[in-house]
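# A look at the structure
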Amino acid sequence: MNNNLWLQRRSLLLATAAAATLALAGCATQSPSLTEAPPIVFVHGNGDTAALWQTTVWRFESNGWPRERLHAIDVPYPLSRDEDAKPQAGRTSAAEHMAYLKAEVDKVLKTTGARQVVLVGNSRGGNAIRNYIYNGGGDKTVSHAILGGTPNHGVWAIPGFREGNEFSGTGPFLKALNAPKNAAGDEVSGPVKWMTIRSDNNDKFAQPDGLWIGQKGTATNVTAAGPELKGATNVVIPRIDHRETSYSPAAFEATYRFITGKAPTRTEIAAEKSVVLNGKVTGLGVDSADPKTGNFSNNLPLAGAQLEVYATDPATGARKGNPLLRKTVGADGQWGPLAVSPGAPVEFVITAPGYATTHIYRSGFPRSSELIHLRAERMADADKGADSVVAMTRPRGYLDPARDKMLLDGTVPAGVPAGAGVASAKVKPAGGVRSIVAEFNGERVVGQTWPAAQGHVVMLEISQ
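Treat the numbers as computed from the prediction; the structure is a model and nothing was measured. (Residues numbered from 1 in each chain as written. Predicted model: local features only at pLDDT ≥ 70, side-chain atom pairs only at ≥ 80, totals over all residues. Heavy atoms only, no water.)

## Brief notes about the packing of helix H3 (residues 94–112) against helix H4 (residues 124–135)
- Interhelical geometry of H3 versus H4 gives an angle of 75° and a closest axis separation of 9 Å. Here H3 is positioned roughly perpendicular relative to H4, judged by the angle of their axes. Touching Ala94, Ala95, His97, Met98, Leu101, Lys102 and Val105 of H3 are Arg124, Gly125, Ala128, Ile129, Asn131, Tyr132 and Asn135, all from H4.
- Tallied by class, residues from the contact of H3 with H4 come to eight nonpolar, four polar and two charged. (Axes fitted to C-alpha atoms, helices over the stretch in contact; angles between N-to-C directions. Helix = DSSP H or I, 4+ residues; strand = E, 2+ residues; numbered from the N terminus. Parallel < 35°, antiparallel > 145°, perpendicular 65-115°, else oblique. Contact = heavy atoms within 4.5 Å. Nonpolar A, V, L, I, M, F, W, Y, C, P; charged D, E, K, R; others polar.)

## Here we look at the confidence of the model for the protein chain
- When the pLDDT values of the protein chain are averaged, the result is 93; 94% of them are 70 or greater.
- Every residue in residues 1–28 scores below 50 in pLDDT, and together they form 40 contacts with partners more than four places removed in sequence or on other chains. (pLDDT = per-residue confidence, 0-100.)

## Some thoughts on the UniProt feature "domain: AFL C-terminal" (unreviewed entry) in the protein chain
- Those residues carrying the UniProt feature "domain: AFL C-terminal" (unreviewed entry) are residues 275–378 in this numbering.
- Between the C-alpha atoms that bound residues 275–378 there is a distance of 30 Å. The span itself is 0% helix and 38% strand. (UniProt positions renumbered as here; feature names shortened; annotations may be inferred.)

## So, unusual backbone geometry
- Note that the residue after Gly190, namely Pro191, is joined by a cis bond; omega there is 5°.
- On the secondary structure map, Pro191 appears in the loop between helix H6 (172–177) and strand S5 (193–199).
- A cis amide bond links Gly336 with the next residue in sequence, Pro337, at an omega value of 5°.
- Look at Asn221: it is not a glycine, yet its phi comes out positive at around 65°.
- With a phi close to 45°, Asn441 is a non-glycine residue in the positive phi region.
- Considering the arrangement of structural elements, one finds Asn441 in the loop between strand S21 (435–440) and strand S22 (443–448).

## Comments concerning the sheet that holds strand S2 (residues 70–72)
- What the six strands build is an open sheet, ordered S2-S1-S3-S4-S5-S8; its pairing is parallel. The sheet is open, and its two edges are formed by S2 and strand S8 (233–237), each paired on a single side. Going from strand to strand, the sheet's axes swing by 15° on average, the running direction of each strand aside.
- With five bridges connecting them, S5 and S8 associate as parallel partners. Residue Arg198 lies in a different strand from S8, and its bridge partner there is Val236. (Pairing = 2+ DSSP bridges.)

Shown next, in the form of structure tokens:
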């Protein structure tokens with residue numbers, strides 16, 4: 001029995017004295033077997049990071065899954081190429097993406113001693129999963145494949161339009177993956193068990209009009225059912241957006257049920273008595289140290305960055321005392337570990353050459369995690385004349401004015417389009433240093449403004 005595991009404890013109610021002799025009432029349960037709780041490898045989407053799986057991992061933990069069997073990969077260059085067959089600096093091809101996933105699965109199998117893993121992917125992560133299972137030997141090492149919002153039939157399927165792209169439904173990559181696997185025309189085959197999760201109509205990358213690919217008024221030849229696969233278990237959840245197909249409580253419930261055959265005990269996140277945080281500090285571009293190499297996302301360590309972490313006042317966002325941590329980030333990018341008070345709000349401050357001083361405010365952490373990845377930001381030229389620059393960001397979902405209740409600095413954020421199409425909103429408040437609040441569907445993140453003229457940007461990060 002491993003008392004260091006966080007697994008839920010239970011009392012054994014015994015009907016007879018003889019049964020009581022055989023078991024110790026109140027003893028912690030044994031760790032579930034690999035069959036009951038197999039290792040899960042989570043695969044993020046295009047341009048994203050392992051950090052997006054943070055709340056999903058917490059939900060699995062809250063239902064008894066051992067932490068060491070929950071592994072989220074971090075693709076160093078997470079963006080796809082414009083044309084898959086042509087090398088492009090700072091981008092990965094579909095083949096490179098699949099090879100990275102295969103290597104990570106091999107590590108997990110070796111570490112856990114398991115024979116197979118479960119793969120759970122969001123968006124482009126599902127492309128790598130399908131490619132690995134059919135072309136990389138994953139048919140032997142994968143028991144279940146769950147694809148959330150994966151554009152299995154393309155973001156567009158327009159003959160002659162960008163067909164060399166990984167997301168073209170008429171291009172060679174997806175046409176090969178979607179080739180019938182049997183006489184019935186199924187697009188999946190055993191022994192792997194397949195499930196897709198999609199929105200009814202709110203996924204920006206499964207739309208009949210090309211608005212979100214810069215082709216407004218052009219038919220994409222893709223519908224809301226584009227993420228489905230013939231022969232798979234296809235789940236539809238109303239009104240969820242592209243990222244919520246994987247990171248929402250409803251997506252977790254469907255995923256857990258598909259893996260285990262039963263509903264989870266809970267979808268809310270169970271708090272721990274002690275919380276220890278860790279993660280990576282990452283940057284932008286082909287080379288994080290060189291601003292000339294671009295401002296697109298990468299998952300590479302930002303070695304040499306300075307990080308400070310402060311406890312903050314939940315009402316004002318002001319710092320409470322000295323830093324909880326002050327550290328120079330090393331070659332591995334790791335910034336922790338750091339013990340914090342459960343649920344207490346914090347401010348992360350990243351300083352690095354070529355970047356703005358980036359203040360990231362969070363509403364608090366109910367559980368420990370090694371997925372608290374922090375990205376330094378660069379200030380846009382258009383923002384340098386502002387008093388302050390503050391963004392409300394939602395990494396695990398989008399902002400939908402028709403669906404969500406949100407306020408930034410007391411007002412509904414301007415410039416957020418109808419439908420779930422953007423994941424951040426920005427304001428440029430005047431008036432010097434003061435408190436500023438982001439609210440989203442009941443979550444409240446409180447920070448402070450900082451002067452843009454001195455190179456500061458502020459991020460109010462929504463956890464849900």
